[in-house]
Amino acid sequence: MEILETLAAIGKSIIPVLRGTEITVALTFSLLAIGLMMGLPLALGQVYGNKIISTIIVVYERTFRSIPALVLLFLFYFGPATFGIYISPFLAAILALGFRSSAYQSQIFRGAIQSIGQGQMMAARSLGMSKLKAIIYIILPLVLRRSIPSWSNEYSSVLKDTALAFAIGVIDLNRWGWRIAIRTQDPIIVFLVIGVIYFFLTLAGTRFLRWLEKELKIPGFQSRDTIG
Amino acid sequence: MEPIEKNVLLRVRHLSKSYNKEPVLKDISFKVKKGETKVIIGPSGTGKSTLLRCLNRLTRPDSGQIWLDGVEVTSSKTNINKIRQSIGMVFQDFNLFAHLTVLDNVRIGPTRVKKIPKREATELALDMLSRVGLVDKAGAYPAELSGGQQQRASIARTLAMRPKLMLFDEPTSALDPELIGEVLIVMKNLVKSGMTMVVVSHEMGFARSVCDEIIFVEKGVIVEQGPPDELFLRPKHRRTKEFLSKITELYGKSEG
Ligand SMILES: Nc1ncnc2c1ncn2[C@@H]1O[C@H](COP(=O)(O)OP(=O)(O)OP(=O)(O)O)[C@@H](O)[C@H]1O
Ligand SMILES: [Mg+2]
C-alpha cells in the first residue's frame, strides 16, 4: 500500500522529476563540454608543448585529480563569494566538475596521442604540413576515435558525480528525490526510482558512444570485436 | 654562399649530429646531381636514418650545411615547410595516414599543403596511383592493403607533391620477400623517369642495376663511396669489402 502511495507521489511529481533529470543531463553535458574543450588542448600541450608548458599542465592536472569533487564544489561555490562575485550553484557546479573532468579527459587524450606513434606525425611533416595542420588533419582524427571507449567511462562517471552538486543547492534529479523522499517518508522507493533513472541515462550515453565508435571505425583496423 | 656547380641538386657539407653527446653523424659530405640515385648502406645504428632525416630537417643537425637546388635547408631563415614540399620521404613502415583512404592519403598533401583545388588534386592523385599500379585500391584504407601496396601508396603520396628529390629509408625492409619486388619495380621506374633519389637500402640487386653511386656509412662517417661495380669489384677499404659480402650473403644477389 505504502509503495503504491509513494509511487503515486512520485507520479504526481513527474514534472519536477523530469525537470531534475533535465538539470542533471544539462549539467553533465556542460561539464563534459568544458572538459573536452580544455582537456584536448591540455593533452596536446602536455605532449607537444615545451618543458614549461607541460610542467604547468601536469601541475593543473594533478591538482584537479587529487581534490575530492565535493571539496571542489564548495571551493567553486563559496570561493568567488569571498571576492564579492556571486555565481549560481549550477554554474559553480559546471565549472568545478568541468575543470575536474578536463584533468581526467586530458589524460585520456594524452594516452591516445601517445599511442599513435611518431610515424604519422613524421609523414605529415615530411609533406610540408605545419605542426598545427598535422595535428588537425592527422593526429586528432585518430586521437578522438581512440578516445571514445575511455571517454564513455568518463561520461558515466561524471554523470554520477553530478549528484554531488545538490550539496551546493543545485536542484537536480538527486535533489528532487530528496524532496519527495521527505514528503512521502519513503526514501527507499524514491531513491530506487531515482537510481533507475540514472541507470538509464548511463546506459543511453554509453550505448550511443558505443554506436559512435562503431560508426567511426576505420575499415581494416583492429577493434574490440576483432581482437576479442 | 652556395658554391656554384652545375646540375648539383643536393649538396651536404660537413654534417654532424650527436644524440646525448654521442656522435651519430661525423662530418658527412656528399652531393647528388639532378637525376642521380645514390644508395646508402651501412650497419644498423650507424646513422643512416638520422642522415636522411637531417636532409629534410625532420632532425636538426648540430653543424654543417645542406643545400637543395640553391636553397640552404639548414638555414633558420628557410621556410622549412616549403622546402619539405619538394623533398619526398618514404618510410620503412609506410606511415600512411590510417584514417584516410588511399586516395585521400595521396590527395591530402596537394589539397591541404599546396591548396590545389580538390578536383585537380583528385586527378593528380589518380595519376600518381596509376603510376604505382594502385588505382583500383583508391577507395581502400591502409589497413586493408598488403605491405607492398601500402608502400606503393606511400610513394604515390610523395609523388603527388611533385618533389625534386625523394628520400627512401629502407623502403622494403618491413616487407615479406615476395612483396619486395613490386616496390623495387616502382622505384626503378622512378629512376628511369629521371627522379633524383637518395635511398637507404640493402637491396644490392637494386643498387647494382640502377644506382649511380653507393655510399657506405659506418659509425657516422662515410667510409667509401663510388659506383656500385667499383665498390663490389675493387673496394678500397677492407670494411667495405667485408660489409658488402655480408649483406650480399644476407639479402642475396638475385633480387631486384
Ligand atoms: N631521436 C633519437 N634520440 C636519441 N638517439 C637517437 C635518436 N635517433 C637515433 N638515435 C641513435 O642514433 C644512432 C643512429 O640511429 P639511426 O636510426 O640513424 O641508425 P640507422 O643507421 O638508421 O640504423 P638502422 O639500420 O637500424 O635503421 C643510434 O645509436 C640511435 O640509437
Ligand atoms: Mg634506420
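Residues numbered from 1 in each chain as written. Chains lettered and ligands numbered in written order. Predicted model: local features only at pLDDT ≥ 70, side-chain atom pairs only at ≥ 80, totals over all residues. Heavy atoms only, no water.

Asks: Outline the overall build of chain A, listing residues and values.
Replies: Across its full length, chain A holds ten helices and zero strands. Reading the helices (α) and strands (β) of chain A from amino to carboxyl end gives α-α-α-α-α-α-α-α-α-α. Of all intrachain contacts in chain A linking residues separated by at least 6 positions in sequence, the fraction that spans at least 24 positions is 75%. Accessible surface, chain A: about 11800 Å² in total, of which carbon and sulfur atoms supply 69%. With 21 positive and 11 negative side-chain charges, chain A shows a separation of 13 Å between the mean positions of the two kinds. (Helix = DSSP H or I, 4+ residues; strand = E, 2+ residues; numbered from the N terminus. Contact = heavy atoms within 4.5 Å. Areas by Shrake-Rupley, 256 points an atom, 1.4 Å probe, with all protein chains shown as cover. Lys, Arg positive; Asp, Glu negative; His and termini not counted. Charge placed at Lys NZ, Arg CZ, Asp CG, Glu CD.)

Asks: Describe unusual backbone geometry, naming the residues involved and giving the relevant values.
Replies: All names here are of chain B. For His14, which is not a glycine, the phi torsion comes out positive at approximately 50°. Along the chain, the position of His14 falls in strand β1 (residues 8-19). With a phi close to 70°, Lys21 is a non-glycine residue in the positive phi region. Along the chain, Lys21 turns up in the loop between β1 and β2 (22-33). In this structure Lys21 comes out as exposed when scored by relative accessible area, which is 81%. (Buried < 20%, exposed > 50% of the residue type's maximum accessible area, 1.4 Å probe, protein only.)

Asks: Give a detailed account of the site of ligand 1, specifying residues and quantitative values.
Replies: All names here are of chain B. The local shell around ligand 1 consists of Tyr19, Val24, Pro43, Ser44, Gly45, Thr46, Gly47, Lys48, Ser49, Thr50, Arg53 and Glu170. A distance of 3.0 Å is found between an oxygen atom of ligand 1 and a backbone nitrogen or oxygen belonging to Gly47. Take Lys48: an N or O atom from its side chain is 2.7 Å from an oxygen atom of ligand 1. Taking 640 Å² as the accessible area of ligand 1 by itself, protein coverage stands at 59%. In terms of residue count, the dominant contributor to the shell around ligand 1 is helix α1 (residues 48-55) (four residues). Across the shell around ligand 1, the residue classes tally to three nonpolar, six polar and three charged. (Near = heavy atom within 4 Å. Polar contact = N/O pair within 3.5 Å; in protein donor to acceptor, adjacent residues only side chain to side chain. Nonpolar A, V, L, I, M, F, W, Y, C, P; charged D, E, K, R; others polar.)

Asks: Please set out the environment of Lys241 of chain B residue by residue, giving values where relevant.
Replies: Looking at the element boundaries, Lys241 of chain B is found in helix α9 (residues 238-251). Measuring from C-alpha to C-alpha, the distance between Lys241 of chain B and Leu231 of chain B comes to 7.6 Å, with ten residues separating the pair along the chain.

Asks: Run through the pairing of strand β7 (residues 165-169) of chain B, naming residues and quoting values.
Replies: All names here are of chain B. Of all the five residues making up β7, five are buried; the element is thus mostly covered by neighbouring parts of the structure. Residues Leu165, Leu167 and Asp169 line one face of β7 and the alternating positions Met166 and Phe168 line the opposite face, and both faces are buried. When strand β6 (residues 87-90) meets β7, the two strands line up parallel, connected through four bridges. Across the sheet, the residue bridging to Ile87 is Leu165, located in β7. By the bridge criterion, five bridges tie β7 to strand β8 (residues 196-200) in an arrangement that is parallel. Counterpart to Leu165 in the pairing with β8 is Thr196. Handedness of the crossover joining β7 and β8 through helix α6 (residues 177-192): right-handed. (Pairing = 2+ DSSP bridges. Right-handed = clockwise from strand over helix to strand, strands pointing away.)

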